[in-house]
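Topology and contacts: notes
Below, each chain spelled out in residue letters.
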Amino acid sequence: MDLYDAINRRRDTRAEFTGEPVAPDVLERVLSAAHAAPSVGMSQPWDFVLVRDADRLERFHAHVATERDTFAATLSGERAETFSRIKIEGIRESGLGIVVGYDPSRGGPNVLGRHAIADAGLYSVVCAIQNLWLAATAEGLGVGWVSFYREEFLRDLVGMPEGVRPVAWLCVGHVEDLPDVPDLERFGWRHRSPLSSVVHDETF
Ligand SMILES: Cc1cc2nc3c(=O)[nH]c(=O)nc-3n(C[C@H](O)[C@H](O)[C@H](O)COP(=O)(O)O)c2cc1C
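Residues numbered from 1 in each chain as written. Predicted model: local features only at pLDDT ≥ 70, side-chain atom pairs only at ≥ 80, totals over all residues. Heavy atoms only, no water.

The chain goes by 5,6-dimethylbenzimidazole synthase in an unreviewed UniProt entry, where it is assigned to Nocardioides turkmenicus.

So this is what it looks like as structure tokens:
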């Protein structure tokens, strides 16, 4: 698969997981791709916690369900009805959660390039996640990013130290297929905007 194919094939997956375990060599390649990401001052401020334990997956699933309810309670009318039809995670079905953490202490006290923009560390972690997502796509795997959680809950669940911030729970696994259209588009929640609406010439 060439790079543009992977970019265009990549999809957030929720309902398509088969539960077949990911082979260790495949997982190693996907994690290596994440670890090859650019990072501010070469700080490499990411950690990856691999979660496969059924009880831990179940506990995270239950927490996400309560957060789904919290969000649903803010909606009414057509939004509430549309959201009720959208699946927002495949935590148990994927069989593998990768919790991505951000450690701002990585790289020492003088991270080159982060003195003016503290968020540059977080941006680096997101670059690693995107590398992981594209590599997984090239390997024929699905990835679903779950953000319906409280950071303290997830930190406790996987024993992440206080100074490390959980940035994402990624459901990773084999899938029946990768959908052509994002779920949010298919269910009428939102549509991808045209490129021309976000490109600005010379000034904003
Ligand atoms: C930071 C971030 C958080 C997300 N959180 C969730 C989530 O909690 N549940 C979910 O179903 N999708 C989540 N998504 C996936 C988006 O809904 C998805 O990327 C978007 O609808 C576009 O679809 P595509 O990724 O298939 O192109 C998240 C994506 C990002 C980048």
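Here the narrative resumes, following the displayed structure.
1. Focus on the overall build of the chain
For the chain, the count of helices and strands is eight helices and four strands. Computed over the C-alpha atoms, the radius of gyration of the chain is 18 Å, within 12% of the 17 Å expected from 2.2 N^0.38 for a compact globule of 204 residues. A principal-axis box enclosing the C-alpha atoms of the chain has dimensions of 50 × 50 × 40 Å. Relative to its full complement of 204 residues, the chain shows a buried share of 42%. For the chain, contacts bridging at least 24 residues in sequence account for 82% of all contacts bridging at least 6. (Helix = DSSP H or I, 4+ residues; strand = E, 2+ residues; numbered from the N terminus. Rg over C-alpha atoms; globule rule 2.2 N^0.38 Å. Buried < 20%, exposed > 50% of the residue type's maximum accessible area, 1.4 Å probe, protein only. Contact = heavy atoms within 4.5 Å.)

2. A look at the site of the ligand
The local shell around the ligand consists of Arg10, Arg11, Asp12, Arg14, Ile88, Trp145, Val146, Ser147, Phe148, Pro182, Leu184 and Arg192. Serine 147 places a polar main-chain atom, nitrogen or oxygen, 2.7 Å from an oxygen atom of the ligand. The protein chains hide 74% of the 620 Å² of surface that the ligand would expose on its own. Split into classes, the residues belonging to the shell around the ligand amount to six nonpolar, one polar and five charged. (Near = heavy atom within 4 Å. Polar contact = N/O pair within 3.5 Å; in protein donor to acceptor, adjacent residues only side chain to side chain. Areas by Shrake-Rupley, 256 points an atom, 1.4 Å probe, with all protein chains shown as cover. Nonpolar A, V, L, I, M, F, W, Y, C, P; charged D, E, K, R; others polar.)

3. Some words on unusual backbone geometry
With phi around 55°, methionine 42 is a residue other than glycine that occupies positive phi space. Residue position: methionine 42 is located in the loop between helix H2 (24-35) and strand S1 (46-51). The phi dihedral of glutamate 202 falls on the positive side, at around 75°, and the residue is not glycine. If you trace the backbone, glutamate 202 turns up in the segment after helix H8 (183-186).

4. Concerning the pattern of salt bridges
Note on pairing: side chains with opposite charge can pair once their charged atoms come close. As enumerated under the stated definition, the model contains 16 salt bridges in all. Glutamate 81 is the partner of arginine 85 in a salt bridge, and the nearest nitrogen-oxygen pair spans 3.4 Å. Each of the salt bridges in this network shares a partner with another, and the network as a whole consists of Asp12, Arg14, Asp183 and Arg186. (Salt bridge = Lys/Arg side-chain N within 4 Å of Asp/Glu carboxyl O.)

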